[in-house]
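Single-letter residue listing:
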Amino acid sequence: MKIKLFYFICLITVMSCGLEDGNINLSEDNGNGKTSTNGSTSRFTIKDNYLYTIESNKLKVFDISISSKPNLINDLYIGNNIETIFSYRDQLYIGASTGIYIINIKNPKYVYLESYIEHWVARDPVVVKDDIIYSTARNSWSGQLNIYQKQNNSFVNLSSFRMNQPYGLGISDHYLYICDINDGLILFDVKNPRQIVKLKSFNDVQSPQDVIVLDKLIIVSTANQFFLFDSSDPINLKLIQQIK
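Residues numbered from 1 in each chain as written. Predicted model: local features only at pLDDT ≥ 70, side-chain atom pairs only at ≥ 80, totals over all residues. Heavy atoms only, no water.

Visitor: Mind laying out the overall build of the protein chain, listing which residues take part and the relevant values?
Guide: Helix and strand content of the protein chain: one helix and 22 strands. Out of the 244 residues belonging to the protein chain, those deemed buried represent 50%. Carbon and sulfur atoms make up 48% of the accessible area of the protein chain, which totals about 12300 Å². (Helix = DSSP H or I, 4+ residues; strand = E, 2+ residues; numbered from the N terminus. Buried < 20%, exposed > 50% of the residue type's maximum accessible area, 1.4 Å probe, protein only. Areas by Shrake-Rupley, 256 points an atom, 1.4 Å probe, with all protein chains shown as cover.)

What follows is the structure, given as structure tokens:
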């Protein structure tokens with residue numbers, strides 16, 4: 001599967017370079033430098049010339065300004081059972097089995113724990129947009145979507161939505177896509193994060209695990225294949241290609 005993933009990334013890179021107007025990229029500029037676009041279940045991310053990776057309890061920071069000679073410049077203990085990493089502005093949002101760690105990376109040489117959101121013991125992918133945090137949590141028998149916002153140095157749970165077995169998620173504008181291993185790819189309208197609306201379930205993909213949103217392209221992964229969708233109309237996705 002790792003070999004397939006390598007060739008798949010190469011394919012997407014070529015596709016990205018060939019699209020008109022450069023509408024699809026594998027990196028984005030959020031006003032604070034270039035950031036790699038990766039799924040919500042990823043264990044690494046890139047911002048500017050720095051690679052951030054997570055192990056079971058640590059964050060490691062590498063200087064990759066010389067790509068052939070990555071240099072470890074920081075090693076921060078975070079906590080046990082950290083699982084996912086997502087970069088937004090000058091923070092990393094690290095999902096763990098007991099909550100979300102927010103790491104300040106304004107200075108990559110001196111990263112530090114800025115905040116922590118605790119939740120019930122569960123797996124916890126995270127994405128962030130406009131300072132709203134979207135997180136799916138699941139255990140062996142249930143799951144839910146949790147939405148948080150920072151207010152006065154603490155985090156308020158704006159709303160929650162019960163789900164079956166949610167995995168990865170991705171957001172574009174006010175549309176939130178969530179992979180549910182049992183119920184497929186599910187689309188929510190989160191324009192009002194206090195009152196989200198379930199719009200549609202897509203049955204094209206069985207047992208989806210993660211989703212990457214790249215402008216008008218959506219990539220959905222399962223255990224053994226990838227699906228590429230044209231998302232020009234977010235409610236009516238069009239399958240472009242299936243890669244096994």
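Moving on from the coordinates now.
Visitor: Would you mind going over the side chain of threonine 53 in detail, with residue names and values included?
Guide: Residue position: threonine 53 is located in strand β4 (residues 50-54). Dropping the residues within four chain positions of it, threonine 53 is found in contact with Arg43, Phe44, Lys58, Leu59, Lys60 and Phe62. (Contact = heavy atoms within 4.5 Å.)

Visitor: Quick one: what's the story with the pattern of salt bridges, residue by residue and with numbers?
Guide: Inspection of every chain in the model, using the stated rule, returns four salt bridges. One salt bridge in this structure joins lysine 60 and glutamate 55, with 3.0 Å as the shortest N-O distance. Lysine 150 is the partner of glutamate 114 in a salt bridge, and the nearest nitrogen-oxygen pair spans 4.0 Å. You can see glutamate 114 sitting in strand β10 (residues 112-118) and its partner lysine 150 sitting in strand β13 (residues 143-151), a full 36 residues away along the chain. Of the residues examined, glutamate 114 reaches a relative accessible area of 30% and is grouped as partly exposed. (Salt bridge = Lys/Arg side-chain N within 4 Å of Asp/Glu carboxyl O.)

Visitor: Describe the environment of leucine 199, and please don't skip the residues or the numbers.
Guide: Along the chain, leucine 199 turns up in strand β18 (residues 197-202). Considered as a pair, leucine 199 and leucine 187 are twelve residues apart in the sequence and their alpha carbons are 5.5 Å apart. The residues touching leucine 199, leaving out its near neighbours within four places in the chain, are Tyr175, Leu187, Phe188, Asp189 and Ile235.

Visitor: Give me the lowdown on the nonpolar core, citing residues and values where you can.
Guide: The nonpolar side chains of a soluble globular protein tend to be buried, and buried together. Residues Tyr93, Ile100, Ile133, Tyr134, Leu145, Leu176 and Phe188 are the most contacted members of the largest nonpolar core, which totals 25 residues. Ranked by size, the runner-up nonpolar core spans 16 residues in total, among them Ile78, Leu92, Ile103 and Ile105. (Core = buried A, V, L, I, M, F, W, Y, C linked by side-chain atoms within 4.5 Å.)

Visitor: Describe the packing of aromatic side chains, with residues and values.
Guide: What the rule picks out here adds up to three aromatic pairs. Their ring planes at 75° and their centres at 5.0 Å tell us that phenylalanine 161 and phenylalanine 188 sit as a pair that is edge-to-face. Here phenylalanine 161 is found in strand β14 (residues 154-163), whereas its partner phenylalanine 188 is found in strand β17 (residues 184-189), with 27 residues between them in sequence. Residues phenylalanine 227 and phenylalanine 229 carry aromatic rings whose centres are separated by 6.4 Å and whose planes lie at 15° to one another, so their mutual orientation is stacked. The residues phenylalanine 227 and phenylalanine 229 share a single accessibility class, namely buried. A cation over an aromatic ring shows up here: arginine 138 above the ring of tyrosine 167, its NZ or CZ 3.4 Å from the ring centre. (Phe/Tyr/Trp six-rings, centres within 6.5 Å; stacked < 30°, edge-to-face > 60°. Lys NZ or Arg CZ within 6 Å of the ring centre and 35° of its normal.)

Visitor: Explain the sheet that holds β13 to me, and be specific about the residues and the numbers.
Guide: Here four strands make up an open sheet; going across it, the order is β11-β12-β13-β14 and the pairing antiparallel. In this open sheet, the two strands that pair with only one neighbour each are β11 (126-129) and β14. The mean angle between the axes of side-by-side strands here comes to 20°, regardless of whether they run parallel or antiparallel. Bridge count for β13 against β14 is nine bridges, and the pairing is antiparallel. Across the sheet, the residue bridging to glutamine 151 is serine 154, located in β14. (Pairing = 2+ DSSP bridges. Axes fitted to C-alpha atoms, helices over the stretch in contact; angles between N-to-C directions.)

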